[in-house]
Amino acid sequence: MKAKASIVEPHSYSISELAREFDITTRTIRFYEDKGLLKPERRGQTRVYSPEERVRLKLILRGKRLGFSLDESREIIDMYDPAHGNVEQLERLLERIAQKRAQLQQQLRDIESLMGELEEVEVRAQTALLKSREDETP
C-alpha cells in the first residue's frame, strides 16, 4: 500500500503540523485566522501555511506569553518593514514593553501591599484566638 502524498509543499506547513510544533490546538490557529492574524493559502479545503505565516504564529504566541493583547501583537507584527530596518516596529515594541513592565510593577506593588494586609489580619486573628482560648480555660 502506497503512502498518501502530502498536498503541503516542502517549505509550507499544514495546520496540524503547526499545532503540534507549538503545542496548541488547530482551533486556536483557526481563531487567529478568524481574527485576521493569519492568512494561509487554501488548496481546496486544505490550509497551507507559508514560513512567513509560521513566524507570525510564533510571534503571536510570544506576544501572548508577554501579556500583549492580540491587537497589540497585530499592530507590532504588521509594522514589519525590513527595508527601513524595522525602526518603527522596534520603537513600538519598546513602548509596549515599557507599558507592560509598568503595569506589572504596579501589580507587584499591589500584591505586596495585599500580602502585608493579610499578614496583619492573620496576626490579629491569631492573637484574638489565643486570647479567646485563654479566657475559656479555668
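Residues numbered from 1 in each chain as written. Predicted model: local features only at pLDDT ≥ 70, side-chain atom pairs only at ≥ 80, totals over all residues. Heavy atoms only, no water.

(A) Inspection of the pattern of salt bridges at higher detail. Counted according to the given criterion, the structure contains 11 salt bridges. Between Arg54 and Glu21 there is a salt bridge, and its shortest N-O distance comes to 2.4 Å. With a gap of 33 residues between them, Arg54 in helix H3 (residues 51-65) and Glu21 in helix H1 (residues 15-22) connect regions that are remote in the sequence. Residue class for Arg54 comes out buried when judged on its relative accessible area of 19%. In this structure Glu21 comes out as partly exposed when scored by relative accessible area, which is 39%. In this structure, the salt-bridge partner of Arg124 is Glu120, at a minimum N-O distance of 4.0 Å. (Salt bridge = Lys/Arg side-chain N within 4 Å of Asp/Glu carboxyl O. Helix = DSSP H or I, 4+ residues; strand = E, 2+ residues; numbered from the N terminus. Buried < 20%, exposed > 50% of the residue type's maximum accessible area, 1.4 Å probe, protein only.)

(B) H3, seen in detail. For H3, with 15 residues, the first-to-last C-alpha span of 21 Å sits near the 21 Å given by 1.5 Å per residue. All of the buried residues along H3 are Glu53, Arg54, Arg56, Leu57, Ile60, Leu61 and Gly63. The inward-facing, buried residues of H3 contact H1, helix H2 (26-34) and helix H4 (70-78). Remark: Gly67 follows H3 within two positions and exhibits a positive phi of approximately 90 degrees. (Expected span 1.5 Å × (residues − 1). Contact = heavy atoms within 4.5 Å.)

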